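So you can see what is in the structure, the chains are spelled out below.
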Amino acid sequence: MKIEVYIKRSNSFEKFLYEYEDSSETVAGMLKNINLSDEIINADGKVTRPIDWNSSCLQKRCGACAMVINGRPGLACDSFLRDYKKLTLEPLKKFPLIADLRTDRSVLQKNLKDMELYRDKKESSDEDEDDLYDASRCLLCGLCLEVCPNWHIESSFFGAAAAVSYYKKISGGGASKNYEKHFYGGCGKSLACRNICPAGINIDDLLVKSNRSVIWKRGH
């Protein structure tokens, strides 16, 4: 099988023709194989440089390979070539570009630090265990921020990625002084984050419970 692949590089797209036999091959596998070639040839027959992209586990556990695939943010390791007739790959648009498909998403860790998630954590009740497990599956891939209409890189609104992690602190009885500042006050309830999450986290349910615990109990 052969597929046309257009990869965003600088301000233009470079076209590749890629052949594969395994129907389970992913976009991540394709990028890895292209870069393993002794000589990388594009569709014009010209030698080109390796494709710069983020990867780590390649098993949908780390979120490193997040990118825009045919106009929709997703994980390269969870996107199968068989599902596309033509492929267009772009970097996430809301994060600083490093090169090609690689972006700087260090803001995700910075935001967690700013919300002081490393402090005041207490033991949770048994009834919270299922929700805590759900929250712990967050990959910090940034896809929820990519589709959020309210989030941008310099915003004091930290988006669903931080709110999901913050749920673990709230449910354990930890301080919640930053929740309203960095999430509740900026969320427009579009729930685009729910539909894009590669881990399938029940984000809207966690947000409702966090809002109830932090905001509504105070009568806001």
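Heads up: the structure comes first, above all this text.
Residues numbered from 1 in each chain as written. Predicted model: local features only at pLDDT ≥ 70, side-chain atom pairs only at ≥ 80, totals over all residues. Heavy atoms only, no water.

A. Representation of the overall build of the chain. A tally of helices and strands in the chain yields 8 helices and 7 strands. Taking all 220 residues of the chain together, 46% fall into the buried category. Restricting the contact set of the chain to residue pairs at least 6 apart, pairs at least 24 apart contribute 64%. With the model as given, the accessible surface of the chain reaches about 11500 Å², and the carbon-plus-sulfur share is 45%. (Helix = DSSP H or I, 4+ residues; strand = E, 2+ residues; numbered from the N terminus. Buried < 20%, exposed > 50% of the residue type's maximum accessible area, 1.4 Å probe, protein only. Contact = heavy atoms within 4.5 Å. Areas by Shrake-Rupley, 256 points an atom, 1.4 Å probe, with all protein chains shown as cover.)

B. The packing of aromatic side chains, seen in detail. Scanning the entire structure with this criterion turns up 5 aromatic pairs. A network of ring pairs unites the aromatic residues Phe 157, Tyr 166, Tyr 179 and Phe 183 as a single cluster. Stacked on the ring of Phe 80, the Lys or Arg Arg 82 has its end atom at 4.3 Å from the ring centre. In this structure, Lys 189 packs its charged tip against the face of Tyr 184, placed 5.0 Å from the ring centre. (Phe/Tyr/Trp six-rings, centres within 6.5 Å; stacked < 30°, edge-to-face > 60°. Lys NZ or Arg CZ within 6 Å of the ring centre and 35° of its normal.)

C. A look at the environment of Asp 52. You can see Asp 52 is positioned in the loop between helix H1 (27-36) and strand E3 (66-69). Separated by 48 residues in sequence, Asp 52 and Asp 100 place their C-alpha atoms 5.4 Å apart. For Asp 52, the contacting residues outside a window of four places in its chain are Arg 9, Ala 99, Asp 100, Leu 101 and Arg 102.

D. Broad picture of the nonpolar core. With 62 residues, the main nonpolar core has Val 5, Met 30, Leu 31, Leu 87 and Leu 89 as its most contacted residues. What Met 30 contacts, discounting residues up to four positions off in sequence, is Val 5, Tyr 18, Glu 25, Leu 81, Leu 87 and Leu 89. (Core = buried A, V, L, I, M, F, W, Y, C linked by side-chain atoms within 4.5 Å.)

E. How the structure looks around helix H2 (residues 107-114). Looking at H2, one finds that the buried residues are Val 107, Leu 108, Asn 111 and Leu 112. The arc that holds every buried residue of H2, seen down its axis, measures 140°, which confines them to one face. Glu 116 sits one or two positions beyond H2 and adopts a positive phi of about 55°. (Arc of directions from axis to C-beta.)

F. Just the sheet that holds strand E2 (residues 12-19), in detail. Pairing in this open sheet of 5 strands is mixed, and the strands run E2-E1-E5-E3-E4 from one edge to the other. Here the strands that pair on one side only, and so sit at the sheet edges, are E2 and strand E4 (72-75). Within the sheet, the average angular offset between the axes of one strand and its neighbour, ignoring direction, is 35°. The pairing of strand E1 (residues 2-9) with E2 spans 8 bridges and is antiparallel. Its bridge partner being in E2, Glu 4 is matched across the sheet by Leu 17. Relative to strand E5 (residues 86-90), H1 is tilted by about 80°, and along the sheet it contacts E1, E2, E3 and E5. (Pairing = 2+ DSSP bridges. Axes fitted to C-alpha atoms, helices over the stretch in contact; angles between N-to-C directions.)

G. View of the pattern of salt bridges. Tallied over the entire structure, the rule returns 11 salt bridges. Lys 2 is paired through a salt bridge with Glu 19; the nearest N and O atoms lie 3.6 Å apart. Of this pair, Lys 2 sits in strand E1 while Glu 19 sits in strand E2, and the two are 17 residues apart along the sequence. Each member of the pair, Lys 2 as well as Glu 19, carries the same accessibility label: exposed. (Salt bridge = Lys/Arg side-chain N within 4 Å of Asp/Glu carboxyl O.)

H. Seen up close, unusual backbone geometry. Although it is not a glycine, Leu 140 sits at a positive phi angle of roughly 50°. By secondary structure assignment, the location of Leu 140 is in the loop between helix H3 (129-136) and helix H4 (143-147). One non-glycine residue with positive phi stands out, namely Lys 189, at about 60°. Position of Lys 189 among the secondary structure elements: in the loop between helix H6 (179-184) and helix H7 (192-196).

I. Quick look at the side chain of Ser 155. Checked against the element boundaries, Ser 155 lands in the loop between H4 and helix H5 (159-171). One polar contact links the side chain of Ser 155 to the main-chain amide nitrogen of Phe 157, over a distance of 2.9 Å. (Polar contact = N/O pair within 3.5 Å; in protein donor to acceptor, adjacent residues only side chain to side chain.)

Any functional reading would require information beyond the geometric quantities listed.
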